[in-house]
Amino acid sequence: MALEAVGLEQNYGTQRVLRGLTFSVRAGEIYALLGGNGAGKSTTLNLFLGLARPTAGSARVCDVEVGSDPAAARARIAYVPENVALYEHLTARENIDYLLTLARADTAGALIEEALDAVGLVREAWDRRLGGYSKGMRQKVAIALAIARRVPVLLLDEPTAGLDPRATADFHRLLETARIRGVATLMVTHDLLGAAEVADRIGFLAEGRIEAELIAEGTERFDVRALHQRYLQAGAAA
Amino acid sequence: MNRFRYELRLLLRSRVAAAALTLLLVLSAVAVGAGLSASARQTALIDRVATAQARDFAAATTQYGKPDGEAGYAAYYTFHLTSDRPSSLAFAAMGQRDIQPYVLRVRLLGLQAQLYETETVNPELALPGPFDFAFVLIYLAPLAVIVLMHDLVSGEREAGRLRLLSALPVTPGQLWLRRAGVRLMLVLLALLGPFLVGALVAKAPIWGVAILSLVAILYVAFWAGLGLMVGAWGRRSAFNAATLVGCWIVLVLLVPALANAALSRAIPVGRGVDLTLAQREAVHHAWDVPREAVMAPFVAKHPEWKDKARVGGGFHWKWYYAMHEMGDDGVAGQVAAYRASLAARQAWTERLGWLSPAAAAQSLVHRVADSDLQAHLAYQDNVTAFHRHLQDFYYPYLFSERPFTRKDFARAPVYAPRGSSSSTPVVPLLALLVLSLSAWAGGVVGARRTVS
């Protein structure tokens with residue numbers, strides 16, 4: 001398994017955020033984790049990134065126990081935050097080069113260009129400072145960074161929040177490309193439409209555990225109306 | 001190298017950081033220039049006095065170096081030059097050289113009345129000390145470090161990048177330590193660059209330069225470590241800056257000032273001028289007592305003149321100079337107590353380094369530059385030894401009542417400058433090392449715990 005949560009529990013004081021969360025994501029699969037505010041989506045991402053230690057249970061990334069070796073787990077994960085903030089004074093190319101250097105990844109120029117090309121960022125923008133970039137363009141740079149790192153797991157936090165429909169469509173195409181490359185993607189989102197369009201499986205997170213899980217069968221996609229109903233039920237349960 | 005280039009670019013993009021580094025570089029350069037200039041002024045003054053002294057000595061030779069010349073007159077009117085040239089590292093830390101005399105013209109008269117003759121210094125102007133490299137290092141460099149370090153982590157958090165950085169496969173400790181290291185290195189470059197140029201110009205000894213550089217590195221490292229520790233707390237940049245400035249006020253200003261006040265009360269030290277007055281009073285008193293009261297202890301001290309120490313009822317130079325020497329001996333206890341108090345204060349000041357890195361650095365730089373109180377006392381010791389040579393030279397003429405001629409002037413002792421008393425005191429160096437390592441240990445622990 002590329003990503004595996006087994007009986008994850010997370011308490012903050014008396015507040016129980018995760019209560020035995022169990023799910024997994026295979027290589028080449030897109031898993032959408034849906035849930036209302038405070039359902040534990042961000043906590044789940046933090047546990048996979050090793051930014052917090054679970055109260056109980058385990059999070060594994062490509063069979064690496066995150067708690068025992070968070071750096072090794074992070075070496076296999078590319079993370080795209082909800083609000084992409086990069087270095088405004090550097091260009092897109094430089095941002096990726098610098099962050100790849102920090103991540104001790106290959107910083108070959110061709111690799112960076114290939115990634116920027118793959119996310120569809122116009123060439124003229126590659127050597128412009130990020131100060132003048134739109135949110136969608138920044139998102140593309142962050143995803144280009146993820147692609148350039150050539151890691152097996154992609155974690156996305158509300159990836160389409162604030163993107164216009166065209167940018168969202170571009171983004172979904174990128175996820176398809178990643179899936180073809182065998183990348184396991186976990187996206188936490190409120191975007192039912194987006195999840196229905198690209199996800200292979202959708203988990204509904206409520207009360208700190210997967211309340212329900214839907215699987216796309218063959219070429220059949222999800223029924224958005226049914227998804228919405230399920231989402232509301234999960235929210236009501238929470 | 002690639003990473004270093006990026007870290008440098010990102011840091012220097014911050015106008016405040018770039019301004020702080022530029023200002024530190026300029027201030028360091030100005031301070032080194034001012035130190036070299038002050039050092040050159042003192043040397044030039046010593047040379048000018050030496051020229052004037054040669055004229056004065058020649059005039060005394062002409063006037064008192066006659067075939068039937070009296071040694072008493074010659075010794076009374078002839079001044080002998082002593083001077084204490086600045087060490088080649090004094091440009092970096094002038095220490096007490098701006099308030100203590102470095103040129104003294106002494107005669108055969110009582111020494112204690114001559115040692116503390118100096119120009120009056122405005123104490124308010126002397127209080128902040130000279131603007132030299134030591135001032136920039138101890139007072140200003142920590143402020144530059146604070147500017148560069150206070151937002152090391154919080155700046156990334158406030159810009160929204162911390163979560164992305166934390167998700168990279170690099171441990172927080174490595175990430176922040178490297179960034180702190182780059183900042184530390186830039187501060188040291190801005191600080192030590194001008195100092196090293198100054199050391200080349202002044203032809204300073206390599207060992208001294210190395211020790212002074214080590215002190216600067218440890219002191220700046222302490223502040224960088226403290227900056228890393230505070231910066232990793234997870235508070236806002238403004239809070240971090242306020243905390244670090246508070247630390248600066250306490251460690252650089254308050255602790256040394258309070259400790260100085262406490263030391264002044266605990267170890268009272270008289271003034272040098274009090275010794276002058278006491279010696280003069282002893283000499284004046286000697287005029288009013290029977291001559292035997294002066295000559296008996298003198299003969300006991302100098303049995304070689306036992307048979308030639310008789311003086312009649314009128315004035316005699318033998319009696320006069322014996323009065324002066326006995327005046328010096330009369331205050332010997334006070335002199336010893338005065339110096340013991342100074343030594344005790346010095347020892348406590350060095351121990352103060354365990355509480356304040358500024359105090360430790362200050363003790364070290366002035367000791368290495370040979371410009372502190374200890375250096376001045378070494379100069380006084382050398383003048384005292386020279387004064388004994390003068391006694392050994394003049395007394396045979398005085399007590400044997402031999403004429404003092406022009407040729408005898410030429411045989412008068414010439415002051416040999418003291419050797420360097422520079423040293424590296426272990427206590428403050430150890431204190432500075434321990435404080436720096438502790439600050440970095442705290443910084444490393446804090447940085448490792450940094451999360452988004």
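Right, let's walk through the structure included here. (Residues numbered from 1 in each chain as written. Chains lettered and ligands numbered in written order. Predicted model: local features only at pLDDT ≥ 70, side-chain atom pairs only at ≥ 80, totals over all residues.)

**Some words on the overall build of chain B**
Then step 1. Looking only at helices and strands, chain B features 19 helices and 2 strands.
Then step 2. Here the C-alpha atoms of chain B give a radius of gyration of 29 Å, more than 25% beyond the 22 Å that 2.2 N^0.38 yields for 452 residues.
Then step 3. The dimensions of chain B, computed from C-alpha atoms along their principal axes, are 100 × 40 × 30 Å.
Then step 4. The buried share among the 452 residues of chain B stands at 41%. (Helix = DSSP H or I, 4+ residues; strand = E, 2+ residues; numbered from the N terminus. Rg over C-alpha atoms; globule rule 2.2 N^0.38 Å. Buried ≥ 20, exposed ≤ 12 C-beta atoms within 10 Å, placed from the backbone.)

**Some remarks on the overall build of chain A**
Then step 1. The helix and strand inventory of chain A stands at 9 helices and 10 strands.
Then step 2. With the C-alpha coordinates of chain A rotated into their principal frame, the extents come out at 50 × 40 × 30 Å.
Then step 3. In chain A, 70% of the contacts between residues at least 6 apart in sequence involve partners at least 24 apart. (Contact = placed C-beta atoms within 7 Å.)

**What to know about the interface of chain A and chain B**
Then step 1. Counting residues at the interface gives 19 residues for chain A and 19 residues for chain B.
Then step 2. Of all the secondary-structure elements, those providing two or more residues to the side of chain A that touches chain B are α2 (70-74) and α3 (92-102) of chain A.
Then step 3. Broken down by element, the residue count for the side of chain A that touches chain B peaks at 4 residues, all from α3 of chain A.
Then step 4. Within the side of chain A that touches chain B, the residues separate by chemical class into 13 nonpolar, 4 polar and 2 charged. (Nonpolar A, V, L, I, M, F, W, Y, C, P; charged D, E, K, R; others polar.)

**A few points about the environment of P130 of chain B**
Then step 1. You can see P130 of chain B is positioned in the loop between α5 (123-126) and α6 (133-149).
Then step 2. Sequence-distant contacts of P130 of chain B, that is, excluding residues within four places in its chain, are made with A38, M94, D98 and F135 of chain B.

**Details of helix α1 (residues 41-49) of chain A**
All names here are of chain A.
Then step 1. Counting buried positions along α1 gives 9 out of 9 residues, so the element sits mostly inside the fold.
Then step 2. Within α1, burial applies to K41, S42, T43, T44, L45, N46, L47, F48 and L49.
Then step 3. Positive backbone phi, at 75°, marks G50, one or two positions downstream of α1.

**Re the sheet that holds strand β2 (residues 15-25) of chain A**
Residues and elements named next belong to chain A.
Then step 1. On the basis of which strands lie adjacent, the open sheet formed by 4 strands has the order β2-β1-β4-β5 and antiparallel pairing. On the outer flanks of this sheet lie β2 and β5 (64-65), each paired with one strand and no other.
Then step 2. Here strand β4 (residues 56-61) pairs with β5 via 2 bridges, running antiparallel. Across the sheet, the residue bridging to V61 is V64, located in β5.
Then step 3. The strands touched by α1 within the sheet are β1 (3-12), β2 and β4, with β1 carrying the most contacts at an inclination of about 115°. (Pairing = 2+ DSSP bridges. Axes fitted to C-alpha atoms, helices over the stretch in contact; angles between N-to-C directions.)

**Overview of the nonpolar core**
Then step 1. Ranked by size, the top nonpolar core spans 88 residues in total, and within it F48, I77, I96, A144, V153 and L155 of chain A carry the most contacts.
Then step 2. Here this core gets 8 residues from one element, more than from any other, and that element is helix α6 (residues 135-149) of chain A.
Then step 3. The contacts of I96 of chain A, once residues within four sequence positions are left out, are I112, A115, V141, A144, L145 and A148 of chain A.
Then step 4. In this structure, A31, I211, A216 and W440 of chain B belong to the second largest nonpolar core, which totals 76 residues. (Core = buried A, V, L, I, M, F, W, Y, C linked by C-beta atoms within 7 Å.)

**Details of the packing of helix α11 (residues 237-266) of chain B against helix α16 (residues 357-368) of chain B**
Two measures define how a pair of helices packs: the angle their axes make with one another and the distance between the axes.
Residue and element names in this part refer to chain B.
Then step 1. Interhelical geometry of α11 versus α16 gives an angle of 80° and a closest axis separation of 7 Å. As far as their axial angle goes, α16 and α11 are roughly perpendicular. Packed against α11, whose contacting residues are L251, V252 and P256, the element α16 presents P357, A358 and A359 at the interface.
Then step 2. Split into classes, the residues belonging to the contact of α11 with α16 amount to 6 nonpolar, no polar and no charged. (Parallel < 35°, antiparallel > 145°, perpendicular 65-115°, else oblique.)

**A closer look at helix α14 (residues 317-330) of chain B**
Residues and elements named next belong to chain B.
Then step 1. A rise of 1.5 Å per residue sets the reference length of α14, with its 14 residues, at 20 Å; its end C-alpha atoms lie 19 Å apart and thus fit the reference within 8%.
Then step 2. Extensive coverage of α14 is indicated by the burial of 11 of its 14 residues.
Then step 3. Within α14 the residues assigned to the buried category are W317, K318, Y320, Y321, A322, M323, H324, E325, M326, G327 and D328.
Then step 4. Each element contacted by the buried residues of α14 is listed here: α3 (71-77), α4 (112-115), α12 (272-287), α13 (291-301), α15 (332-351) and α17 (373-400). (Expected span 1.5 Å × (residues − 1).)

**As for the pairing of β4 of chain A**
Then step 1. Judged from the 5 bridges that link them, β1 of chain A and β4 of chain A form a sheet pairing that is antiparallel. Residue pairing in the sheet places L3 of chain A in a bridge with V61 of chain A of β4 of chain A.

**Side note on the environment of G50 of chain A**
Residues and elements named next belong to chain A.
Then step 1. Note on placement: G50 falls in the loop between α1 and β4.
Then step 2. With 26 C-beta atoms counted inside 10 Å, the residue G50 sits in the buried group.
Then step 3. C-alpha separation for the pair G50 and R74, spaced 24 residues apart in sequence, amounts to 7.5 Å.
Then step 4. Those residues in contact with G50 that sit more than four places away from it in its chain are V66, P70, A73 and R74.

**Observations concerning the sheet that holds strand β10 (residues 209-215) of chain A**
In any sheet, the strands associate via hydrogen bonds between backbone groups, in a parallel or an antiparallel arrangement.
Residues and elements named next belong to chain A.
Then step 1. In spatial order, the strands read β6-β7-β8-β3-β9-β10; together these 6 strands make up an open sheet with mixed pairing. Since the sheet does not close on itself, it has two edges, and those belong to β6 (77-80) and β10, each with one partner. Between one strand and the next, the sheet's axes are offset by a mean angle of 20°, whatever the strand orientation.
Then step 2. Direction of pairing for strand β3 (residues 30-34) relative to strand β8 (residues 184-189): parallel, over a ladder of 5 bridges. What sits directly across from Y31, in β8, is L186.
Then step 3. In this fold α6 packs onto β6 and β7 (153-157), with an angle of close to 180° to the strand it touches most, β6.
Then step 4. With respect to the sheet, helix α7 (residues 165-180) is in contact with β3, β7 and β8, its orientation differing from that of β8 by roughly 150°.

**Comments concerning the packing of α6 of chain B against α11 of chain B**
Residue and element names in this part refer to chain B.
Then step 1. Look at α6 against α11: their axes get within 10 Å of each other, and the N-to-C directions meet at 165°. Overall, the two elements α6 and α11 adopt an arrangement that is roughly antiparallel. As for the relative orientation of α6 and α11, their crossing is right-handed in sense. The residues of α11 that touch α6, namely those facing I138, Y139, P142, L143 and I146, are A241, L244, V245, W248 and V252.
Then step 2. Looking at the contact of α6 with α11, its residues break down into 10 nonpolar, no polar and no charged. (Left-handed = near helix turned anticlockwise from the far one by under 90°.)

From the geometry alone we can't say anything about function, so treat these as descriptive.
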